[in-house]
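# Per-entry structural report
Read off the chains here:
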Amino acid sequence: MSLLVVPLLLLGGGAAAQTPPVITFGANWSLAQSQTLLAGGQVQVAYDASRLPQCRATLPDGSPGWSLTGHYRLDGGAESSFDVAGQPTAGAPPVLSLPAAGTLELWFRVSSAGCEQYDSNYGSNFRFTVRPAGTAHVPTLVFQEGWVEYPVGTVKAGQTFVVEYDIDRLPECRLLYNGAPTWEVWVRYRFDNGVTGDLSVTQVSGYSRYGVPVTLTAPAGARSVALWFENWDRGYCRRWDSSYGQNYRFVVQP
């Protein structure tokens, strides 16, 4: 079973056929979100069942004796589920309504008689931001605590995009001086056409430093960007988040 495909939906009376944003869970453990999630809209979940290959019992008639279901909740609300593969159990397709802004959590479970396994980001669940209706769609590269990274939308040459970095990924260098933070976290970037730079991904308010999204511009002619992050403080502590020295690499479309 590969990516589950659902029919196109008609959004709006008499409108042309459109698909909602898609969150894709790839076979190689990749994660991508095609567009910003908006309150009042929907999202389609495309899950590659090879991520959970266990519990594949077969019934005597040759049909699957297992079920793979997706589970979700929005902003801590009630849990719901949908069918992904195997025997249907939820009776629902993987197109989810998003009635309000907040955090959408997703996780997956495969089960058969006496067997169950989860794909849930080690129990923390996969988290996606649902923004208020009317929010502009801006390509974003998301780096969450728990070592989850994924693009939202498509980064294009000559256009801006956002880097959204959770500074709790680099929690060690936090030296204070008279109660004030003397530490910093930077994003370093390099486009394949040679353009490089760096930018702080934090701001200070009073005696607190916190993470903030930052905006970069992909130069004309670029086809990829490499990102890595550095945390340092005045006590010479330095730590890096760089995919073990390989850096995080994303495609830049023409």
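Placed above this text is the structure.
Residues numbered from 1 in each chain as written. Predicted model: local features only at pLDDT ≥ 70, side-chain atom pairs only at ≥ 80, totals over all residues. Heavy atoms only, no water.

## A short note on the overall build of the protein
- The number of helices and strands found in the protein is 0 helices and 25 strands.
- Across its three principal axes, the protein shows a C-alpha extent of roughly 70 × 45 × 35 Å.
- Taking all 254 residues of the protein together, the buried fraction comes to 43%.
- Long-range pairs, those at least 24 residues apart, make up 59% of the contacts in the protein between residues at least 6 apart in sequence. (Helix = DSSP H or I, 4+ residues; strand = E, 2+ residues; numbered from the N terminus. Buried < 20%, exposed > 50% of the residue type's maximum accessible area, 1.4 Å probe, protein only. Contact = heavy atoms within 4.5 Å.)

## Thoughts on the environment of Ala113
- Checked against the element boundaries, Ala113 lands in the loop between strand E10 (102-112) and strand E11 (115-119).
- Remark: the alpha-carbon pair of Ala113 and Cys55, spanning 58 residues in sequence, is separated by 8.1 Å.

## Some details on the environment of Ala78
- Counting through the fold element by element, Ala78 comes out in the loop between strand E7 (67-74) and strand E8 (80-86).
- Taking the C-alpha atoms as reference points, Ala78 and Ala113, separated by 35 residues in sequence, lie 26 Å from one another.
- Ignoring any residue separated from it by four or fewer positions in sequence, one finds Ala78 in contact with Tyr72 and Arg73.

## Things to note about the pattern of salt bridges
- Scanning the entire structure with this criterion turns up 12 salt bridges.
- Glu172 serves as the salt-bridge partner of Arg239, at 3.0 Å between the closest nitrogen and oxygen. Remark: Glu172 occurs in the loop between strand E15 (160-165) and strand E16 (176-177) and Arg239 occurs in strand E24 (residues 238-241); sequence separation between them is 67 residues.
- On the basis of relative accessible area, Arg239 is assigned to the partly exposed category, the value being 35%.
- The exposure class of Glu172 is exposed, given its relative accessible area of 52%.
- Linking Glu230 and Arg238 is a salt bridge whose minimum nitrogen-to-oxygen distance equals 2.2 Å.
- Looking at Arg238, the relative accessible area reads 40%, which means it is partly exposed.
- Salt bridges sharing common partners tie together Arg188, Asp198, Glu230 and Arg238. (Salt bridge = Lys/Arg side-chain N within 4 Å of Asp/Glu carboxyl O.)

## Here's the deal with the layout of surface pockets
- Looking at the largest pocket, its volume works out to about 440 Å³.
- In this structure, the largest pocket is lined by 18 residues; those nearest its centre are Trp29, Arg51, Asn121, Phe126 and Trp147.
- Elements represented by at least two residues in the lining of the largest pocket include exactly E11 and strand E14 (148-152).
- Of the residues in the lining of the largest pocket, the class split is 9 nonpolar, 6 polar and 3 charged. (1 Å grid on protein atoms, 1.4 Å probe; cavity = no way out; pocket = protein on both sides within 12 Å on 5 of 7 lines; lining within 4 Å. Points joined across faces, edges and corners; volume = space filled by probe spheres on them. Nonpolar A, V, L, I, M, F, W, Y, C, P; charged D, E, K, R; others polar.)

## Considerations on the pairing of E14
- Only one face of E14 is covered, namely the face carrying Val148, Tyr150 and Val152; the face carrying Glu149 and Pro151 is uncovered.
- Two strands pair when backbone bridges link them, and strand E13 (residues 140-144) and E14 are joined in this way by 5 bridges, in the antiparallel orientation. In the sheet register, Gln144 faces E14, and the bridge partner there is Val148.
- Turn length for the E13-E14 hairpin, with the two strands adjacent in sequence and antiparallel, is 3 residues, and the turn residue Gly146 shows positive phi of about 95°. (Pairing = 2+ DSSP bridges.)

## Some remarks on unusual backbone geometry
- Notably, Tyr122 is not glycine yet its phi reads approximately 60°, a positive angle.
- Assignment of secondary structure puts Tyr122 in the loop between E11 and strand E12 (126-131).
- In this structure, Tyr244 is a non-glycine residue whose phi angle is positive, near 60°.
- Within the element layout of this structure, Tyr244 appears in the loop between E24 and strand E25 (248-251).

## With respect to the side chain of Thr69
- Residue placement: Thr69 occurs in strand E7.
- Polar contacts involving the side chain of Thr69 include one to the side chain of His71, which spans 2.9 Å.
- Residues in contact with Thr69, not counting those within four places in the same chain, are Phe82, Asp83, Val84, Thr89, Trp107, Phe108 and Arg109. (Polar contact = N/O pair within 3.5 Å; in protein donor to acceptor, adjacent residues only side chain to side chain.)

## Looking at the state of the cysteines
- Evaluation of the coordinates by the stated rule reveals 2 disulfides.
- The disulfide bridge from Cys55 ends at Cys115, spanning 2.0 Å between sulfur atoms. The chirality of the disulfide connecting Cys55 with Cys115 is left-handed, given an S-S dihedral of about -70°. Of this pair, Cys55 sits in the loop between strand E6 (41-47) and E7 while Cys115 sits in strand E11, placing them 60 residues apart in sequence. (Disulfide = S-S within 2.5 Å.)

Scope: geometric values only; no functional claims are made or implied.
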